[in-house]
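Tertiary structure, described
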Amino acid sequence: MIPLLEQTLAELRDWFVAHGLPGYRAGQVWKWLLQKRAASFDEMTDLPAELRQQLHEQFQIWTTHVAEHRTAGDGTEKLLLELHDGERVECVLLRDDKQHCTVCISTQVGCAMGCAFCATGIEGCVRNLVSGEILEEMLQLQRLLGANERLSHVVVMGMGEPLLNLDALLPALAVATGRDGLNISVRRITISTVGLPAGIGRLARDNCQYHLAVSLHAAADALRNELVPANRGFGVAAILAAADEYFELTGRRVTFEYVLLAGVNDQPEHARQLAHLLRGRPALINVIPYNPVPGLPYRRPLPAATAQFVDILARAGLNVNIRHRKGDRIGAACGQLRRGEGRDAPDCNSGN
Ligand code: SF4
């Protein structure tokens, strides 16, 4: 069986033509899957029954199944998807309103970055997802939408480091943004990374126009090396240089994510270091108060500490927001559902 979502539309067309079938039929199948949210060939009612049977015998639409589905009172829904090899990944649907629905997707099973405060990194990286699996996350979540709701944004902020799997991610995003695909604006796609300079450079040179979010969490290398061990390989200065190049080549302002950990990186001196680092850059800073993960020693900062941190950045002339993520009480913290935790855990911490 051929995994259908691993094919491009052009490849699917080639398959039809090679089998003596009209190429336009490929476009019909594509539209049913991506735009009409069909779950099976049987639903593709403008295809002849004989062709539907032929496709059914040759192609597999879904390679994942929903192992767990949680819903929060604020409309957030989280899926734990089981892959063909039994591995599991998480993805989340967030609703602002009917016209603004965001999916947060994973790119790897687990993660090798080992961020000290993150549930996903605890067990390391098992494998990369293939592009069809990444696309399937979006489609599984899209099928949860009501008839009047539309997928408007994608954030690549779930499990894994996206820049280590660009070869699979970029084709999946090409379908997400294609007019024949999900038709989501490139400007509404956010790729979140710990800041791998080589990967940022590749995105910048591709001029892909996606929004880039760098999870910084500390301005000084000594502390960042502890919180984000991957930092030891390149350091903050190289990340900033890559982010500057990204802005120069794409014209897109970079966002820096900063998870605030009580007593660790939330002190006034940390805010001043961050202000000094980013001063003069056209950057946006998202400050994210930490939500504790079972088994990890980090605590949520006091509201007063968060307010003081933000105030120092704002007084330095930086654009700063406090971000509270949705999905309370469904184990929405990245990696928790996969590990069988988090029924009462609040929201995603990772910023990546
Ligand atoms: S925060 Fe992101 S990059 Fe860091 S370990 Fe977790 S998933 Fe990986």
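See the structure above.
To keep things clear, this report deals only with the structure shown in the data block. A quick note: this is a predicted structure, and the numbers were derived from the prediction, not measured. (Residues numbered from 1 in each chain as written. Predicted model: local features only at pLDDT ≥ 70, side-chain atom pairs only at ≥ 80, totals over all residues. Heavy atoms only, no water.)

**Side note on the sheet that holds strand S9 (residues 151–156)**
Hydrogen bonds between backbone groups are what pair the strands of a sheet, and the pairing can be parallel or antiparallel. Worth spelling out the cut-off: In this analysis, strands are considered paired if DSSP registers two or more bridges between them. Elements are defined by DSSP. Helices are runs of H or I of four residues or more, strands are runs of E of two residues or more, and each kind is numbered from the N terminus. Lines fitted to the C-alpha atoms define the axes, with helices restricted to the stretch that makes contact. Angles between their N-to-C directions range from 0 to 180 degrees. Two residues form a contact once any of their heavy atoms are found within 4.5 Å.
Taken together, 10 strands build an open sheet; the order of strands is S3-S4-S5-S6-S9-S10-S11-S12-S13-S14 and the sheet is mixed. For this open sheet the edge positions go to strand S3 (65–71) and strand S14 (319–322), each flanked by a neighbour on one side alone. Going across the sheet, the axis of each strand differs from the next one's by a mean of 20°, ignoring polarity. Bridging between strand S10 (residues 189–193) and strand S11 (residues 211–215) involves four bridges; their strand directions are parallel. Along S11, the bridge assignment pairs Ser 192 with Ala 213. Sitting on the sheet, helix H5 (residues 166–177) is in contact with S9 and S10, with an inclination near 160° to S10.

**As for the environment of Pro 162**
Mapped onto the elements, Pro 162 comes out in the loop between S9 and H5. A sequence separation of 31 residues divides Pro 162 from Thr 193, and the C-alpha atoms of the two residues are 6.5 Å apart.

**Regarding helix H2 (residues 24–34)**
Note the cut-off: Working definition: with a 1.4 Å probe on protein chains only, accessible area under 20% of the residue-type maximum means buried, over 50% means exposed, and in between means partly exposed.
The buried count for H2 comes to eight of 11 residues, which makes it a mostly enclosed element. By the burial criterion, the buried members of H2 are Arg 25, Ala 26, Gln 28, Val 29, Trp 30, Trp 32, Leu 33 and Leu 34. Of the surrounding elements, those touching the buried residues of H2 are helix H1 (9–18), helix H3 (49–58), helix H4 (131–142) and H5.

**Focus on the packing of aromatic side chains**
What counts is decided by this rule: When the centres of two rings from Phe, Tyr and Trp lie within 6.5 Å, Trp using its six-membered ring, the rings pair. Their planes under 30 degrees apart give stacked, over 60 give edge-to-face, and anything left gives tilted.
This structure, assessed with the given rule, holds five aromatic pairs. Between Trp 15 and Phe 59, the ring centres sit 4.8 Å apart and the planes meet at 70°, which makes this aromatic pair edge-to-face. Of this pair, Trp 15 sits in helix H1 while Phe 59 sits in strand S2 (residues 59–60), and the two are 44 residues apart along the sequence. Of the two residues, Trp 15 and Phe 59, both sit in the buried class. Ring centres 6.3 Å apart and planes at 85° place the aromatic pair Phe 117 and Tyr 290 in the edge-to-face group. Of the two residues, Phe 117 is situated in the loop between strand S7 (108–110) and strand S8 (125–128) and Tyr 290 in the loop between strand S13 (284–289) and helix H10 (303–315); the sequence distance between them amounts to 173 residues. The residues Phe 117 and Tyr 290 share a single accessibility class, namely buried. Taken together, the ring pairs connect Trp 15, Phe 16 and Phe 59 into an aromatic cluster.

**Considerations on helix H8 (residues 236–250)**
As a reminder of what qualifies: The length a helix should cover is 1.5 Å for every residue beyond the first.
With 15 residues, H8 extends 21 Å between its outermost C-alpha atoms, agreeing within 8% with the 21 Å of an ideal straight helix rising 1.5 Å per residue. As for H8, its buried residues are in contact with helix H6 (197–206), S11, helix H7 (221–227), strand S12 (255–260) and helix H9 (268–278). Gly 251 lies just past H8 and shows a positive phi near 75°.

**Some remarks on the packing of H5 against H6**
Threshold: Each helix crossing is assigned a hand: it is left-handed if the near helix lies turned anticlockwise from the far helix by less than a right angle, otherwise right-handed if that turn is clockwise. Classification used: nonpolar for Ala, Val, Leu, Ile, Met, Phe, Trp, Tyr, Cys and Pro, charged for Asp, Glu, Lys and Arg, polar for all others including Gly.
Two elements in contact, H5 and H6, have axes separated by 12 Å at closest approach and are oriented at 35°. As for the relative orientation of H5 and H6, their crossing is right-handed in sense. Across the interface between the two elements, Leu 166, Asp 167 and Leu 170 from H5 touch Gly 199, Arg 202, Leu 203 and Asp 206 from H6. Considering only residue class, the contact of H5 with H6 consists of three nonpolar, one polar and three charged.

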